[in-house]
Amino acid sequence: VDANHAVCQMLGYTYDELVGMDIGQLVAKDNNPKQLWGHFLENGTQVGLVLLHHKSGRKLTVEYQAIANFVKGLHLSILHDVTDRLQ
């Protein structure tokens, strides 16, 4: 629904490209879906690491916090690129 300038820059997309994209286009297939979404689906929150695709095709390791219904009907995700730190 929305994205800030920082996440657009982190992932290499313009605002118009990123907004409206399906999350499946960004999440790398290497991720374990149960580990990635399990707690979120059960409890409405999730904290962890996820591999995302940059527009260039490279993968980023991102630390995230996700909260369901932060605003009624909308979810909030906070992302931090930790790729360099982990390497």
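Residues numbered from 1 in each chain as written. Predicted model: local features only at pLDDT ≥ 70, side-chain atom pairs only at ≥ 80, totals over all residues. Heavy atoms only, no water.

Draft legend 1. Expanded view of the pairing of strand S3 (residues 74-81). Where strand S2 (residues 59-71) meets S3, seven bridges bridge the pair, whose relative direction is antiparallel. In the strand pairing of S3, Gln-65 is matched with Ile-78. Between S2 and S3, which follow one another and run antiparallel, lie two residues, and Gly-73 among them has a positive phi close to 85°. (Pairing = 2+ DSSP bridges. Helix = DSSP H or I, 4+ residues; strand = E, 2+ residues; numbered from the N terminus.)

Draft legend 2. Spotlight on the sheet that holds strand S1 (residues 45-53). Across the sheet, three strands lie side by side as S1-S2-S3; this open sheet has antiparallel pairing. Either end of the sheet is taken by a strand with one partner, and the two such strands are S1 and S3. Taking each pair of neighbouring strands and ignoring which way they run, the sheet shows an average axis angle of 35°. Where S1 and S2 come together, nine bridges link them in antiparallel fashion. (Axes fitted to C-alpha atoms, helices over the stretch in contact; angles between N-to-C directions.)

Draft legend 3. A look at helix H3 (residues 33-43). Within the sequence span of H3, burial applies to Leu-36, Gly-38 and Phe-40. Remark: Gly-44 follows H3 within two positions and exhibits a positive phi of approximately 85°. (Buried < 20%, exposed > 50% of the residue type's maximum accessible area, 1.4 Å probe, protein only.)

Draft legend 4. Representation of the environment of Met-21. The topology assignment puts Met-21 in the loop between helix H2 (15-18) and H3. Along the backbone, Met-21 and Lys-59 are 38 residues apart, and their C-alpha atoms lie at a distance of 17 Å. Setting aside anything within four residues of it in sequence, one finds Met-21 in contact with Tyr-13 and Leu-26. (Contact = heavy atoms within 4.5 Å.)

Draft legend 5. The arrangement of the nonpolar core in detail. Of all hydrophobic cores here, the largest spans 17 residues; its most connected members are Val-7, Leu-11, Leu-18, Leu-26, Val-50, Leu-52 and Val-62. Elements represented by at least two residues in this core include exactly helix H1 (5-11), H3, S1 and S2. With residues near it in sequence (within four places) discarded, Leu-18 still touches Ala-3, Val-7, Cys-8, Leu-11, Tyr-13 and Leu-26. (Core = buried A, V, L, I, M, F, W, Y, C linked by side-chain atoms within 4.5 Å.)

Draft legend 6. Up close: a nonpolar patch on the surface. Among the surface-exposed residues, Val-1, Ile-67, Phe-70, Val-71 and Leu-74 lie close enough to one another that they form a single nonpolar patch of about 490 Å² accessible area. For the nonpolar patch, the leading source of residues is S2, giving three residues. Mapped onto the secondary structure, Phe-70 falls in strand S2. For Phe-70, a relative accessible area of 53% translates into the label exposed. (Patch = residues over 30% accessible without salt bridge, like charges linked within 9 Å, V, L, I, M, F, W, Y side chains within 5 Å. Areas by Shrake-Rupley, 256 points an atom, 1.4 Å probe, with all protein chains shown as cover. Salt bridge = Lys/Arg side-chain N within 4 Å of Asp/Glu carboxyl O.)

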